[in-house]
Each structure stands twice: as structure tokens, then as C-alpha cells.
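Residue-level listing of the chains:
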Amino acid sequence: MHSFAIPLIPTEEGGLLIPAEQVTALLRGVAADWATAIELESPEADPETVLAMTEALTQLADQIDAECIACASRPEQGY
């Protein structure tokens, strides 16, 4: 089981932000833990379900990474 320290960044409006790299690391870490449960033949882990869920978490992490790269790559708009 992984332990993750996730920094929270307060906004001026009172909300909280989490860095995207922390979110994607968390998603990939959970997926890795589930995959390990299958490798260890855990009786609670249904292989088909775990595979589907690990793929979904990994795809979500990849999508977040791609969106962040696209956002960071956009030229700044001068106002």
C-alpha cells in the first residue's frame, strides 16, 4: 500500500487546489496497488474487474497529463 502526501493549495475564494501531478501519481499508485493484488492472487480481487479499473485509472491519469501539457503549451494571451 502506498502513502501519498498531497499538498493542498488554498485559493483566494476559499477553495482548495491539488497539483495535477499529485493527482496523476495517486491514480497510478492506486492502479499499481490493484495490479499487485492480482499478482499476489488476492482472493478479494477479481482479475477482470481489477484490469478494467487499472486501465480506467491509468487512462484518466494520461488524460490529465495530456490536458496539462496542452494547457501549458498554449501561448499566453495578452490583454
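The paragraphs below set out a description of the structure included in this document. Every value quoted in this text rests on a predicted model; they were computed, and no experiment measured them.

**Section: the side chain of Thr54**
- Inspection of the secondary structure assignment puts Thr54 in helix α2 (residues 47-73).
- A relative accessible area of 12% means that Thr54 is categorised as buried.
- Among residues more than four places away in sequence, those in contact with Thr54 are Ala31, Trp34 and Ala35.

**Some thoughts on a nonpolar patch on the surface**
- Where nonpolar side chains cluster on the molecular surface, the patch consists of Ile6, Leu8, Leu16, Ile18 and Leu26 and spans about 410 Å² of accessible area.
- As for its position among the elements, Ile6 is in the segment before β1 (9-10).

**Regarding the environment of Leu26**
- Topologically, Leu26 is positioned in helix α1 (residues 20-39).
- Judged by its relative accessible area of 30%, Leu26 is partly exposed.
- As a C-alpha pair, Leu26 and Gly15 span 11 residues in sequence and 20 Å in three-dimensional space.

**As for α1**
- When the terminal C-alpha atoms of α1 are compared, their 29 Å separation across 20 residues agrees well with the 28 Å that a helix rising 1.5 Å per residue should span.
- Every buried residue of α1 is accounted for by Thr24, Leu27, Gly29 and Ala31.
- Where α1 is buried, its residues touch α2.
- Glu41 sits one or two residues past α1 and shows a positive phi near 55°.

**Some points on the packing of α1 against α2**
- Running from N to C, α1 and α2 point in directions that differ by 160°, and their axes come no closer than 9 Å. One way to sum up the angle between α1 and α2 is to call them roughly antiparallel. Judged by the sense of rotation from one axis to the other, the crossing of α1 with α2 is left-handed. In this structure, α1 contributes Ala20, Val23, Thr24, Leu27, Arg28, Val30, Ala31, Trp34, Ala35 and Ile38 to the contact, and α2 contributes Pro47, Val50, Met53, Thr54, Leu57, Thr58, Leu60, Ala61, Asp62, Ile64, Asp65 and Cys68.

Definitions and cut-offs
- Residues numbered from 1 in each chain as written.
- Predicted model: local features only at pLDDT ≥ 70, side-chain atom pairs only at ≥ 80, totals over all residues.
- Heavy atoms only, no water.
- Helix = DSSP H or I, 4+ residues; strand = E, 2+ residues; numbered from the N terminus.
- Buried < 20%, exposed > 50% of the residue type's maximum accessible area, 1.4 Å probe, protein only.
- Contact = heavy atoms within 4.5 Å.
- Patch = residues over 30% accessible without salt bridge, like charges linked within 9 Å, V, L, I, M, F, W, Y side chains within 5 Å.
- Areas by Shrake-Rupley, 256 points an atom, 1.4 Å probe, with all protein chains shown as cover.
- Salt bridge = Lys/Arg side-chain N within 4 Å of Asp/Glu carboxyl O.
- Expected span 1.5 Å × (residues − 1).
- Axes fitted to C-alpha atoms, helices over the stretch in contact; angles between N-to-C directions.
- Parallel < 35°, antiparallel > 145°, perpendicular 65-115°, else oblique.
- Left-handed = near helix turned anticlockwise from the far one by under 90°.

In short, the description is geometric, and any link to function would need to be established separately.
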